[in-house]
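# Tertiary structure, described
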Amino acid sequence: MTTTTRPVRPRRHRLTARAALASATAGALLATLTACGDGAAPHGRAPVKPPTAKPAPTWRTDPRSIAALGDSITVGFDACTVLSDCPEVSWSTGTSPKVNSLARRLLKEKPAAHSWNYARTGALMSDLPQQITQAAARKPELVTVLIGANDACRSDVRAMTAPAAFRTGFERSMKALRKALPRTQVYVAAVPDLLRLWSEGRKNPLGKQVWKLGICGSMLRDPDDLAKPAQDRRALVRERVMAYNAALADVCAQDALCRFDRSVFDYRFTGQQLSTWDWFHPGLGGQQELAELAFRTVTRKENPLKSEAASGE
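Only a predicted model underlies this, so the values are computations on that prediction, with no experimental measurement involved. (Residues numbered from 1 in each chain as written. Predicted model: local features only at pLDDT ≥ 70, side-chain atom pairs only at ≥ 80, totals over all residues. Heavy atoms only, no water.)

Quick look at the packing of aromatic side chains now. Counted according to the given criterion, the structure contains 2 aromatic pairs. With centroids separated by 4.1 Å and ring planes inclined at 15 degrees, the aromatic side chains of Phe166 and Tyr244 adopt a geometry described as stacked. Residue Phe166 is located in helix H5 (residues 163–180), and its partner Tyr244 is located in helix H9 (residues 228–253); the two are separated by 78 residues in the primary sequence. Looking at Phe166, the relative accessible area reads 0%, which means it is buried. (Phe/Tyr/Trp six-rings, centres within 6.5 Å; stacked < 30°, edge-to-face > 60°. Helix = DSSP H or I, 4+ residues; strand = E, 2+ residues; numbered from the N terminus. Buried < 20%, exposed > 50% of the residue type's maximum accessible area, 1.4 Å probe, protein only.)

Have a look at this one:
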């Protein structure tokens, strides 16, 4: 009896067949995945589009309502009569044509009906949140802020508000304002140069007598003392004001609808812009200049801080 033996297929042929099958399967799977990734959604659904980024808020040069926040400068203290507020000549919301306030320039129709002044004589940075709460009820399109002079004008340099506390106070204030008024624009004026105020005001003998009543002792005490300790004291006050302004600028720069105006610190005012009652607060001339500086900043198409950064200033 003859037995026929079937030849055994080499093992490598089996491996080759398996590899070919795996390759074909992988190719089919890849083609399926590619077809799905070509924009075709499973089960006939429309492709999911990525979320569209919201456009950055745009600064308006013609706000239709204004609320003023700040201290005695913004309520026109000593601008009309001695030891009295005179809000009608306020640089921000005043109604007097002698000053031609920011409100009169921007709100040409019924400015008094669409502007409100919540500034208070003697206010510190720590008082700003309360003023914001009051202003929020009006929902103004523009808020002006000029505050910080009283934080440096203390009886002694040791009583001045610390820079860190000042910065924290302004950060909290801006967060509160933005929460209550998400679309409101904010104009922030720099704290004026108190050293220049001393150098200009001391030229008036009557002014120096008034200063003895205790006005801004950290800067104005003993105005004729030119010894080194007195000069160092005044320099320390000026450095503190500059630190406040740096904080105002930094915090404001983080908000697309906030503009900081350094020109208020840089302005080379003279005795003609000071109150003839105390040679410290702005008189009518000073209020006029503040209104002009604010108007320039608010009506500029570009943020002045961004312009300075682009030019390397």
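The next thing to look at is the state of the cysteines. Here the structure, examined in full by the defined rule, presents 3 disulfides. Cys153 shares a disulfide with Cys216; S-S distance 2.0 Å. An S-S torsion of about -75 degrees defines the bridge between Cys153 and Cys216 as left-handed. Of this pair, Cys153 sits in the loop between helix H4 (149–152) and H5 while Cys216 is found in the loop between helix H7 (205–211) and helix H8 (217–220), placing the two residues 63 residues apart along the sequence. (Disulfide = S-S within 2.5 Å.)

With 15 residues, helix H11 (residues 284–298) should cover 21 Å at 1.5 Å per step; its first-to-last C-alpha distance of 21 Å lies within 8% of that length. Every buried residue belonging to H11 is among Gly286, Gln287, Leu290, Ala291, Leu293, Ala294, Thr297 and Val298, and all of these are buried. End-on view of H11: buried residues confined to an arc of 165 degrees, all on one side of the axis. (Expected span 1.5 Å × (residues − 1). Arc of directions from axis to C-beta.)

Counted residue by residue, strand S3 (residues 142–146) has 5 buried out of 5 residues, so it is predominantly covered. Side chains of S3 alternate between two faces, with Leu142, Thr144 and Leu146 and Val143 and Val145 buried alike. Bridge count between strand S1 (residues 66–70) and S3: 5 bridges; the pairing is parallel. Its bridge partner lying in S3, Ala67 is registered against Val143. Strand direction decides the pairing type here: S3 and strand S4 (residues 185–189), joined by 4 bridges, are parallel. Counted as the bridge partner of Thr144 is Tyr187 from S4. (Pairing = 2+ DSSP bridges.)

All chains considered together, the criterion is met by 15 salt bridges. Here Arg64 and Glu141 are joined by a salt bridge, their closest N and O atoms 2.9 Å apart. Pair noted here: Arg64 is in the loop between helix H1 (11–37) and S1 and Glu141 is in the loop between helix H3 (128–136) and S3, with a separation of 77 residues, a long-range link. With a shortest N-O distance of 3.1 Å, Arg238 and Asp193 are connected by a salt bridge. With Arg238 in helix H9 and Asp193 in the loop between S4 and helix H6 (194–201), the pair connects residues that are 45 residues apart, well separated along the chain. Judged by relative accessible area, Arg238 falls into the partly exposed class, the value being 26%. For Asp193, a relative accessible area of 7% puts it in the buried group. Members of the salt-bridge network, linked through shared partners, are Arg60, Asp62, Arg64 and Glu141. (Salt bridge = Lys/Arg side-chain N within 4 Å of Asp/Glu carboxyl O.)

Running from N to C, H5 and H9 point in directions that differ by 30 degrees, and their axes come no closer than 9 Å. Taken together, the axis directions place H5 and H9 in an arrangement best described as roughly parallel. Remark: the crossing between H5 and H9 carries right-handed chirality. Contacts between H5 and H9 involve Pro163, Phe166, Arg167, Phe170, Glu171 and Met174 from the former and Arg240, Ala243, Tyr244, Ala246, Ala247, Leu248, Asp250, Val251 and Cys252 from the latter. The residue makeup of the contact of H5 with H9, split by class, is 11 nonpolar, no polar and 4 charged. (Axes fitted to C-alpha atoms, helices over the stretch in contact; angles between N-to-C directions. Parallel < 35°, antiparallel > 145°, perpendicular 65-115°, else oblique. Left-handed = near helix turned anticlockwise from the far one by under 90°. Contact = heavy atoms within 4.5 Å. Nonpolar A, V, L, I, M, F, W, Y, C, P; charged D, E, K, R; others polar.)

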